[in-house]
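Given next are the chains, with one letter for each unit.
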Amino acid sequence: MTSVGSGGFRKRKHDYFPRGQKREEKENVTPSSALMTSFKSFQLELDTRHDKYERLVKLSRDITIESKRTIFLLHRFISAPNGEEILNESEVKLDAVRRKIKQVAQELIGEDVYQFHRAISPGLQEYVEAVSFQYFIKTRSLISVEEINKQLIFTAEDREETTNTTSSSHDKQPHTWSLKITPVDYLLGVADLTGELMRLCISSVGNGDIDTPFELSQFLRQIYDGFTFIGNTGPYEVSKKLYTLKQSLAKVENACYTLKVRGSEIPKHMLADVFSTKTELIDDDSLP
């Protein structure tokens, strides 16, 4: 039983111990003990891991920003007088993005990639979206994840001078870094691509291109059919993107319907305004 002290307050458990006992226990712990050494090593490991995670988050943001700029540039391909210049400029921007991805690959040398996956996943998804968008404009087809991963194999030369070396052939040693896009990041990037293709459809109609919307409609239908095969068996993020993909497909199909049925009635310079109004109505109807 706990005794009641003066004033009616119960004495706490630690009040029965002498006040100087804890101070003596702290003084008895030596910094060079095995326990303190172990915890210091744990602290150093955790701090190193947290610092690396923060560096990867910053690199992922840079990759996202540069990839978005590439996508904005590629949207000018339809209206630009010289499309090859746009494609060449986009390739330069994607090379700069790959240099950032190379830094990510260097940070992950000897590490488990999946421990840092949440830090780099948004940037990799945006990069997949930009690369697949450029690839579609060039070839009118979808780039595979294997082709993307082939572009993410980096080589460099280690020019560090080593002591006690007699032959110059060992002064430079080639090093290889690689970073593989996971299937989930690839699927999420392709799902985001459908929104850019929907915008490409509307802008192409505004420029008088009547064939591109029908081509995009067939292409988006194939992507949507592929995602429906995954269904609820895939990750939660993939099933969540399926709703947005369906919206983009509906907008493109509505544009094709308008072109097929009422294309001869509406002047070409007014088609873009009609489609933008209809897409706003589709968005309003989809809201709960």
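Every value quoted in this text rests on a predicted model; they were computed, and no experiment measured them.

**Student:** Explain the environment of alanine 250 to me, please; I cannot follow it from the model alone.
**Tutor:** You can see alanine 250 is positioned in helix α8 (residues 236-262). On a C-alpha basis, the gap between alanine 250 and leucine 220 in space is 9.7 Å, while along the polypeptide they are 30 residues apart.

**Student:** Any chance you could explain the nonpolar core here in plain terms?
**Tutor:** Side chains of nonpolar character tend, in soluble globular proteins, to be buried together. By size, the foremost hydrophobic cluster in this structure holds 54 residues, and its most contacted members are Ile101, Val104, Tyr127, Phe133, Ile148, Ile181 and Leu197. For this core, the secondary structure elements donating two or more residues are α2 (34-74), α3 (83-107), α4 (117-139), α5 (145-150), α6 (183-206), α7 (211-230) and α8. In this structure leucine 197 touches Phe133, Phe136, Leu216, Phe219 and Leu220, once residues within four positions along its chain are discounted.

**Student:** Just checking my understanding: could you explain the layout of surface pockets for this structure?
**Tutor:** Sizing a probe to match a water molecule and rolling it over the atoms shows the empty space that remains. Space inside the largest pocket adds up to approximately 150 Å³. Lining the largest pocket are Ala105, Leu108, Ile109, Glu111, Val113, Tyr114, Trp177, Ser178, Leu179, Lys180 and Thr182. Tallied by class, residues from the lining of the largest pocket come to seven nonpolar, two polar and two charged.

**Student:** Explain the packing of α4 against α6 to me, please; I cannot follow it from the model alone.
**Tutor:** A pair of packed helices can be characterised by two numbers: the angle between their axes and the separation between those axes. As a packed pair, α4 and α6 sit with axes 8 Å apart at the nearest point and diverge in direction by 45 degrees. Taken as axis vectors, α4 and α6 run oblique relative to one another. Seen from above, α4 lies across α6 with right-handed handedness. Contacts from His117, Ser121, Leu124, Gln125, Val128, Glu129, Ser132, Phe133 and Phe136 of α4 reach α6 at Asp185, Tyr186, Leu188, Gly189, Val190, Asp192, Leu193, Glu196, Leu197 and Leu200.

So, how was this worked out
- Residues numbered from 1 in each chain as written.
- Predicted model: local features only at pLDDT ≥ 70, side-chain atom pairs only at ≥ 80, totals over all residues.
- Heavy atoms only, no water.
- Helix = DSSP H or I, 4+ residues; strand = E, 2+ residues; numbered from the N terminus.
- Core = buried A, V, L, I, M, F, W, Y, C linked by side-chain atoms within 4.5 Å.
- Buried < 20%, exposed > 50% of the residue type's maximum accessible area, 1.4 Å probe, protein only.
- Contact = heavy atoms within 4.5 Å.
- 1 Å grid on protein atoms, 1.4 Å probe; cavity = no way out; pocket = protein on both sides within 12 Å on 5 of 7 lines; lining within 4 Å.
- Points joined across faces, edges and corners; volume = space filled by probe spheres on them.
- Nonpolar A, V, L, I, M, F, W, Y, C, P; charged D, E, K, R; others polar.
- Axes fitted to C-alpha atoms, helices over the stretch in contact; angles between N-to-C directions.
- Parallel < 35°, antiparallel > 145°, perpendicular 65-115°, else oblique.
- Left-handed = near helix turned anticlockwise from the far one by under 90°.

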